[in-house]
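Listed here are the chains, written in short residue letters.
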Amino acid sequence: MNRAIAHNSVLALSGSVLALSGGIGGAKLALGLHRILPPGSLRVVVNTGDDFEHLGLLICPDVDTTLYTLAGLANPQLGWGRADETWSFMGALQQLGGESWFNIGDKDLALHVERTRRVAAGETLTAVTADVARRLGIASAVLPMSDAAVRTVVETDAGTLSFQHYFVRERCAPRVTALRFVGAQGAAPSAAALDCLRRDDLAAVILCPSNPYLSVDPMLAMPAWRAALRECTAPIIAVSPLIGGQAVKGPTAKIMRELGLAVSPVTVAEHYADFIDGFVLDEADRDLAPRLEMPVLVTRTLMQTSEDKERLASEVLEFASSLVTSLAPRP
């Protein structure tokens, strides 16, 4: 396949951009892209491997983090949930002896209840998410990776745990021995998500700095999704989730060590090597650039302010644009 095709420059912002995201780190870069791109040109496909049924409700943590972040409603102190939240529901639930290990704020509860009602009535998760995004005033498209149930399961020295039990209830304390994505082999990406990769105007695909093994691998575990990435003719760029051998937030480094992987951006780049065209390293890891067998952008990837998010988004898009005419066929 000849991948040196003529795309309009990303800098001209004339095409669409697809971001793959999960968790807080991914949502931060998605927000930067959302702010600098023209309204409607960004599509964010979000991990749903973290989704679970709790208290009779369908809860989609990564989708909700993305929605709240892009809508300007995210809780900056907690990093998840809604800002200016109240907790009457959780207080009452605790008093009744209910399961209170997974905190649900009162405003957040409304979304879980409405989503559960609509999905039970026959609507797809994609359709419900699109309507919520519209009602929250989000111009960018937010798309669950699949309408089918794909569930991340964590094998640990304390036994088999569903993802939220590992991540929230056990606070990532057990040692991870393996990860499984139940339902992924038989699941199809949502049609809307897959169509994003096949758009004629697609200018770039950005893998946000999300946990590769918990947030991105549930997508890649669906055979059609990884195949579509390998067939995509737009430049695909991955942003390292590690800075100086550490994750900014979350258990990425811990899980890599426990799985016997070197805690290095090089490991992450190799994990994606069959479909990415470029990799973004933090300045703290610039010495690793010669070890990567692909084009590399070295910049400051820590996103602490709005300006940081927008600057990194702009630099990543520039990097993608610079690769358009030099893309080699994928293996």
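Residues numbered from 1 in each chain as written. Predicted model: local features only at pLDDT ≥ 70, side-chain atom pairs only at ≥ 80, totals over all residues. Heavy atoms only, no water.

1. Details of the overall build of the protein
When helices and strands are counted, the protein shows 12 helices and 14 strands. For the protein, the C-alpha radius of gyration of 19 Å lies close to 20 Å, the compact-globule estimate for 331 residues. Taking the principal axes of its C-alpha atoms as reference, the protein extends roughly 60 × 40 × 40 Å. For the protein, the residues scored as buried account for 54% of the 331 residues in total. Considering only residue pairs separated by 6 or more positions, the protein has 69% of its internal contacts joining residues 24 or more positions apart. For the protein, the computed accessible surface area is about 13,800 Å², with 52% contributed by carbon and sulfur atoms. In the protein, 29 positive and 36 negative side-chain charges are present, and the distance between their average locations comes to 1 Å. (Helix = DSSP H or I, 4+ residues; strand = E, 2+ residues; numbered from the N terminus. Rg over C-alpha atoms; globule rule 2.2 N^0.38 Å. Buried < 20%, exposed > 50% of the residue type's maximum accessible area, 1.4 Å probe, protein only. Contact = heavy atoms within 4.5 Å. Areas by Shrake-Rupley, 256 points an atom, 1.4 Å probe, with all protein chains shown as cover. Lys, Arg positive; Asp, Glu negative; His and termini not counted. Charge placed at Lys NZ, Arg CZ, Asp CG, Glu CD.)

2. Side note on the pairing of strand β14 (residues 296–299)
Side-chain alternation along β14 places Leu-297 and Thr-299 on a buried face and Val-296 and Val-298 on a face that remains uncovered. With four bridges connecting them, strand β13 (residues 278–282) and β14 associate as parallel partners. Note on β14: the bridge partner recorded for Asp-282 is Thr-299. (Pairing = 2+ DSSP bridges.)

3. Section: the sheet that holds strand β6 (residues 151–156)
One open sheet holds the three strands; their spatial order is β7-β6-β8, and the pairing between them is antiparallel. Edge strands, defined here as strands with exactly one partner in the open sheet, are β7 (159–162) and β8 (176–182). Strand-to-strand, the axes of this sheet are offset by a mean angle of 25°, without reference to chain direction. Both β6 and β8 contribute to a ladder of six bridges, which runs antiparallel. Each bridged residue has a counterpart across the sheet, and for Thr-152 the counterpart in β8 is Phe-181. Helix α8 (residues 212–220) contacts β6 and β8 of the sheet and is inclined by roughly 25° relative to β8. (Axes fitted to C-alpha atoms, helices over the stretch in contact; angles between N-to-C directions.)

4. Details of the environment of Ser-210
Relative to the helices and strands, Ser-210 is located in the loop between β9 (202–207) and α8. Note: C-alpha distance between Ser-210 and Gly-97 (113 residues apart in sequence) is 35 Å. Residues contacting Ser-210, with those up to four places away along its chain left out, are Ser-21, Gly-22, Gly-26, Ser-215, Val-216 and Pro-241. Here the side chain of Ser-210 touches Gly-22 through a polar contact of 2.8 Å, landing on its backbone oxygen. (Polar contact = N/O pair within 3.5 Å; in protein donor to acceptor, adjacent residues only side chain to side chain.)

5. Side note on the nonpolar core
By size, the foremost hydrophobic cluster in this structure holds 53 residues, and its most contacted members are Val-205 and Trp-225. Considering each element in turn, this core owes the most residues, five residues, to α8. Residues within four places of Val-205 in sequence aside, it is in contact with Leu-18, Leu-20, Leu-197, Leu-229, Cys-232, Pro-235, Ile-236 and Ile-237. Core analysis: the next-biggest nonpolar cluster, separate from the first, contains 38 residues, Ile-138, Ala-204, Ala-320 and Leu-323 among them. (Core = buried A, V, L, I, M, F, W, Y, C linked by side-chain atoms within 4.5 Å.)

6. As for the packing of helix α4 (residues 106–120) against helix α5 (residues 125–135)
The interhelical angle for the contact between α4 and α5, taken along N-to-C directions, is 140°, at an axis separation of 9 Å. It follows that α4 is oblique to α5 by the angle criterion. Remark: the crossing between α4 and α5 carries right-handed chirality. Seen from α4, the contacting residues are Leu-111, Arg-115, Arg-118 and Val-119; seen from α5, they are Leu-125, Val-128, Asp-131 and Val-132. Tallied by class, residues from the contact of α4 with α5 come to five nonpolar, no polar and three charged. (Parallel < 35°, antiparallel > 145°, perpendicular 65-115°, else oblique. Left-handed = near helix turned anticlockwise from the far one by under 90°. Nonpolar A, V, L, I, M, F, W, Y, C, P; charged D, E, K, R; others polar.)

7. Considering the pairing of β13
Among the five residues of β13, five are classified as buried, and the element is accordingly described as predominantly covered. Of the two faces of β13, the one lined by Gly-278, Val-280 and Asp-282 and the one lined by Phe-279 and Leu-281 are each fully buried. With three bridges connecting them, strand β10 (residues 236–239) and β13 associate as parallel partners. The partner of Ala-238 across the bridge, within β13, is Phe-279.

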